Structure formats: C-alpha cells, structure tokens
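These are the residues of each chain, in order.
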Amino acid sequence: MSDPAGAVIGLDFDGTLSPIVPDPATAVIHPKAPAVLAELGAHILAVAIVTGRPVATVLELGPDLAGVPGLVILGHYGFERWEDGRISAPPPPPGVPRAEAELPLLLDSLGLVGVSIEDKGRAVAVHTRRSPDPEGALAMLREPLAKLAEKHGLVIEPGRLVLELRPPGMDKGHALSLFLAERAARSVMFAGDDLGDLAAFDAVRASGLPGVTVCSGSAEVTALAERADIVVDGPEGVVALLGELTSAFSRS
C-alpha cells in the first residue's frame, strides 16, 4: 500500500484475529493483535473489524480492543457498530428468537448429539464441531435449518462447521462497502478465513480501489484461499502480516 493515509484495513474476528476453538464462547483474541492494531491504526485511515459476532462479545473476547485508538467494530455483519466506546444498533429482529425457540426440538427430532446453539442476539448459530460426526451433522441440518430460516424471514450463513440464521439485507461485503464509502478510502485490504468473508472479498474487488484480499488459511476452508491474493497461516500469520505492514509504514 503506497498510500497508507488513505487505506482501510478490514478484518474478520474468528479464525482471523482469534483462533477457532471447539466452543465459540471460549475463543480469545491473539495476544499480540490489539497492540499491532493500535500501531497500525496510527499509520492508516481506519481499521475495522467486520464480524458476525455481537460487538459486546468481541470486546469480551478481546478486552484490550477497547483501547485501540480509532478502531471501529462492525458486529452482526454491520447491523451493530462500536466506535469511540459506544454501540449503535437497530432493534433486534423478532424472527431470530422465534427460530431459536424451535431449535432444541428440531435437533432432538434429528437425533443429533454434540450440536450446540449459540445465541448471538441478532442471529442464532448452530455448531457441529463437537459432534461425533461434524460434517455429517452439518449436512443433515442444512435442509431443516433452511426451512426454519425461511419460516421466520431469515437467511442461512454457512461457515466452518456452523450454520447461522440471521436477518437478510446485510453481509460483510455490504458492511465493508458502506464503510469504505463513508471514509472515502483510497485503498483497502480485507483479511478473513471463512465462507462468510467471500462477500467482503467481492466488495474489495467491486470497490474499484487498489485492494488486497488475505486468507487466514486452514485445512477446513479452501474456497477462500483460492480467491485470496495472499494466504497466511491462521491468526498467527495475520498478526505477523499486520506487523510487517506497520514496520513498512514506519520506515516510509
């Protein structure tokens, strides 16, 4: 990036700044990430975390993020926004709690064990990572969850051994595009690890700006690596790349 003062760097959270773990509630941010983001933010136009997680959860899993100057967190695919210590968001959609209330009975009827439900406020996620057959359970859930989502006016967002039911109308690509326009960005980089980040990759290319896409690589998702300009080794590789950028900007 030859013009860091006009650059926006967007980052997914899970699998990009935080390693994937069997229980999403026990995830933690990479220990070096907040300091690296603070140093990076001093050189560029803006740093934004774009995630499906609620903002409050991101700040709980990465408490030091609250001290990163200028950081913006776009949670729930952009439905929530945290900036300068304040969260703004529209009211939660009624379809989410209604769908969530039906999930235990649905899982029981399918005879699935080790499948967990994550209440994300404006979305609800069904994880199969701790199931005896994670991929088989995911395949078994796709059609029933699609019907449940349609019933309650929601859409399905697939991910790494997870299917998420959420409101339509916003994804990481839309959230990133709006942010780039708001900040009048002159270049952009986005780093992600999962299928939900493909929309952000598309937004980078559709922006018409000089752009770079980065995949936080894993054995679980290959589609993103095939589309990325740069592939690094998980969150450790992402943080190392951001550190290298910061050092380069400091020297220029």
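What counts, and at which threshold
Residues numbered from 1 in each chain as written. Predicted model: local features only at pLDDT ≥ 70, side-chain atom pairs only at ≥ 80, totals over all residues. Heavy atoms only, no water. UniProt positions renumbered as here; feature names shortened; annotations may be inferred. Pairing = 2+ DSSP bridges. Helix = DSSP H or I, 4+ residues; strand = E, 2+ residues; numbered from the N terminus. Axes fitted to C-alpha atoms, helices over the stretch in contact; angles between N-to-C directions. Contact = heavy atoms within 4.5 Å. Buried < 20%, exposed > 50% of the residue type's maximum accessible area, 1.4 Å probe, protein only. Right-handed = clockwise from strand over helix to strand, strands pointing away.

- Taking an unreviewed UniProt entry as the reference, the chain is identified by name as Trehalose 6-phosphate phosphatase belonging to Nonomuraea rosea.
- Entered under Catalytic activity (unreviewed entry) in the UniProt record, the comment concerning the chain runs "alpha,alpha-trehalose 6-phosphate + H2O = alpha,alpha-trehalose + phosphate".

## Side note on the sheet that holds strand β7 (residues 124–127)
Here's step 1: The strand order across the open sheet formed by four strands is β6-β7-β9-β8, and the pairing between neighbours is antiparallel. Two strands in the sheet have a free side with no partner beyond their single neighbour: β6 (116–119) and β8 (155–159). Averaged over neighbouring strand pairs, the angle between their axes works out to 20 degrees when direction is ignored.
Here's step 2: Pairing geometry for β8 and strand β9 (residues 162–166), over five bridges, is antiparallel. Counterpart to Ile 156 in the pairing with β9 is Leu 165.
Here's step 3: Most of the contacts of helix α4 (residues 134–151) go to β9, to which it runs at about 5 degrees, and overall it touches β7, β8 and β9.

## Quick notes on the pairing of strand β3 (residues 72–75)
Here's step 1: Burial along β3 is two-sided: the face carrying Val 72 and Leu 74 and the face carrying Ile 73 and Gly 75 are both buried.
Here's step 2: Bridge analysis of strand β2 (residues 46–50) against β3 gives three bridges, and the strand direction is parallel. Residue pairing in the sheet places Ile 49 in a bridge with Ile 73 of β3.
Here's step 3: Once the chain exits β2 it traverses helix α2 (residues 55–61) before rejoining the sheet at β3, and the crossover so formed is right-handed.

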